[in-house]
Amino acid sequence: MPELPEVETFKRYLDNTSLHQRITTVEVRDAYVLKRVSARELVRRLKGRRFENSHRHGKHLLVRAGNELWLRLHFGMTGSLEYLNQHQEMPKTGRVIFCFANNRRLAFDDQRKFGEIELIEDVDEFVETRSLGPDALEISFSQFKAIMQKHRGAVKAILLNQRLIVGIGNLYADEILFRARMHPGTEAARLRDIDLTRLFRATRYVLEKAIALKTDFNRLPKSWLLLHRGKRGRCPRCGRALKSATIGGRTSWFCEHCQKRNAEPSERLAHSKPLRQSGAKTHRTSAADVLHHRPKTADNFLQSAGDLA
Ligand SMILES: [Zn+2]
């Protein structure tokens, strides 16, 4: 579940606790988490080094441990970091533990085992080979606008597409669209400049606000959708029942009254037959993909494993 704001919060936590200390060893308790590196290799390459600084790209946290040596952490569905002194008990699901010369330890905790740890040499090369888009907090308005105008599909599917913009997952995409008062199934290519500006601002606001509150759901404003989404949830703005629909393969929660599709009246009447030509080369998730209400029984705060890029 960790999305951009959670990973940024982990980055700040790591920066505040674990930099500049000599790594005495690394304990690998569960090797599933290691990608393209063995436990022995991980220990050999990190031992004696220090974490110098860190960088976040979308949901990936990259920690520099020397020239051409970066530790990549991806938190999967349930990953987190915990910095412990020698008296504190290690969490049962601490999978990899970085031990420092001052007897403190940094644990990569991961209950559901979708997390990833890897060593990489070059951050730019990693971003390129994974075809990751620009980070949602670093993207400029003109880049954002170009992405929305170039790609056909529902605006929510584009926000979630990690090849176009990285860092936004299902929960925050719904929150951003709620704040922008935009229906998640709105065709992105039809958004006017004024809509794009509203959406861009909402993206920045939601992500930055969540980071400022350290993604503590108890502290999020009551006016946010996040606290109300789910069956029997009501719109915090107008009080009407929230709706759900599957868009881009994910369950969206929204308020039909507050979030409009933004189509012209004539288009609304004909919206079952889009005006554009069929057979477009680009993949699109159109309004037609918005199925009628199909609430998932699973906890709305959980993401499916296939969407963690
Ligand atoms: Zn409403």
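Residues numbered from 1 in each chain as written. Predicted model: local features only at pLDDT ≥ 70, side-chain atom pairs only at ≥ 80, totals over all residues. Heavy atoms only, no water.

Describing helix α4 (residues 141–150)
Then comes step 1: Here α4 has its buried residues at Phe144, Ile147 and Met148. Looking straight down α4, one finds that the buried residues subtend no more than 95° of arc, so they occupy a single side. Exposed positions of α4 whose direction lies more than 90 degrees from the buried face are Ser142 and Lys150.
Then comes step 2: Turning to α4, the residues buried within the fold contact α5 (155–160) and α7 (193–212). (Buried < 20%, exposed > 50% of the residue type's maximum accessible area, 1.4 Å probe, protein only. Helix = DSSP H or I, 4+ residues; strand = E, 2+ residues; numbered from the N terminus. Arc of directions from axis to C-beta. Contact = heavy atoms within 4.5 Å.)

Comments concerning the pattern of salt bridges
Two side chains that carry opposite charge are able to pair once their charged atoms sit near each other.
Then comes step 1: Inspection of the entire model under this criterion finds 19 salt bridges.
Then comes step 2: One salt bridge in this structure joins Glu41 and Arg44, with 3.3 Å as the shortest N-O distance. Of this pair, Glu41 and Arg44 both sit in helix α2 (residues 39–46), 3 residues apart, which is roughly one turn of the helix.
Then comes step 3: Taking the relative accessible area as the measure of exposure, Arg44 reaches 56% and is therefore exposed.
Then comes step 4: In this structure, Asp135 and Arg56 form a salt bridge, with 2.6 Å as the shortest nitrogen-oxygen distance. Of this pair, Asp135 sits in the loop between α3 (123–129) and α4 while Arg56 sits in strand β2 (residues 53–57), and the two are 79 residues apart along the sequence. Considered together, Asp135 and Arg56 belong to a single accessibility category, that of buried residues. (Salt bridge = Lys/Arg side-chain N within 4 Å of Asp/Glu carboxyl O.)

As for helix α6 (residues 170–179)
Then comes step 1: When you tally the buried positions in α6, you get 9 out of 10 residues, the bulk of the element.
Then comes step 2: Regarding α6, the residues found buried are Asn170, Leu171, Tyr172, Ala173, Asp174, Glu175, Ile176, Leu177 and Phe178.
Then comes step 3: Residues of α6 that are buried make contact with α1 (4–17), α5, α7 and β10 (250–254).
Then comes step 4: Two residues or fewer past α6, Arg181 is found with a positive phi of approximately 55°.

What to know about the coordination of the zinc ion
Angles between donor atoms at a metal ideally measure 109.5 degrees for a four-coordinate tetrahedral arrangement and either 90 or 180 degrees for a six-coordinate octahedral one.
Then comes step 1: For the zinc ion, the full set of protein donor atoms is Cys235 (SG), Cys238 (SG), Cys255 (SG) and Cys258 (SG), at a range of 2.2 to 2.4 Å.
Then comes step 2: What the 4 donor atoms of the zinc ion show is an angle range of 104 to 113° at the metal, which sorts the shape as tetrahedral.
Then comes step 3: Classification of Cys255 by relative accessible area gives buried; the value is 1%. (Donors = N, O, S within 2.8 Å, 3.2 Å for Na, K, Ca; no water. Tetrahedral: all angles 85-135°; square planar, octahedral: opposite > 155°, others 65-115°.)

Describing the packing of α1 against α7
Then comes step 1: The contact between α1 and α7 brings their axes to 9 Å, and the two run at 40°. Classified by the angle between their axes, α1 and α7 sit oblique to one another. Crossing handedness for the pair α1 and α7: right-handed. On α7, the residues that touch Leu4, Pro5, Glu8, Thr9 and Arg12 of α1 are Leu207, Ala210 and Ile211.
Then comes step 2: Residues of the contact of α1 with α7, tallied by class, amount to 5 nonpolar, 1 polar and 2 charged. (Axes fitted to C-alpha atoms, helices over the stretch in contact; angles between N-to-C directions. Parallel < 35°, antiparallel > 145°, perpendicular 65-115°, else oblique. Left-handed = near helix turned anticlockwise from the far one by under 90°. Nonpolar A, V, L, I, M, F, W, Y, C, P; charged D, E, K, R; others polar.)

Describing the packing of α6 against α7
Then comes step 1: Running from N to C, α6 and α7 point in directions that differ by 130°, and their axes come no closer than 8 Å. For the element pair α6 / α7, the angle class is oblique. Two packed elements cross with a definite hand, and for α6 against α7 that hand is right-handed. Where α6 abuts α7, its residues Tyr172, Glu175, Ile176, Leu177 and Arg179 lie against Leu199, Ala202, Thr203, Tyr205, Val206, Leu207 and Ala210.

Examining the environment of Ile97
Then comes step 1: Relative to the helices and strands, Ile97 resides in strand β6 (residues 94–100).
Then comes step 2: In this structure the C-alpha to C-alpha distance between Ile97 and Glu27, which are 70 residues apart in sequence, comes to 5.0 Å.
Then comes step 3: Ignoring sequence-local partners within four residues, the contact set of Ile97 consists of Thr25, Val26, Glu27, Arg29, Met90, Arg105, Leu106 and Ala107.

Focus on the sheet that holds strand β7 (residues 105–110)
Then comes step 1: Strand order in the open sheet formed by 4 strands is β1-β6-β7-β5, with antiparallel pairing between adjacent strands. Every interior strand has two partners, whereas the edge strands, β1 (23–28) and β5 (79–84), have only one. For this sheet the average axis-to-axis angle between neighbouring strands, irrespective of direction, equals 15°.
Then comes step 2: Note: β6 against β7, 5 bridges, orientation antiparallel. Pairing of Val96 across the sheet is with Phe108, part of β7. (Pairing = 2+ DSSP bridges.)

As for the packing of aromatic side chains
Then comes step 1: Applying the stated criterion across every chain, the model contains 8 aromatic pairs.
Then comes step 2: Aromatic pair Phe51 and Phe100: ring centres 6.1 Å apart, planes at 80°, arrangement edge-to-face. With Phe51 in the loop between α2 and β2 and Phe100 in strand β6, the pair connects residues that are 49 residues apart, well separated along the chain. The same class applies to Phe51 as to Phe100, namely buried.
Then comes step 3: What links up through ring pairs into an aromatic cluster is the set Phe51, Tyr83, Phe98 and Phe100. (Phe/Tyr/Trp six-rings, centres within 6.5 Å; stacked < 30°, edge-to-face > 60°.)

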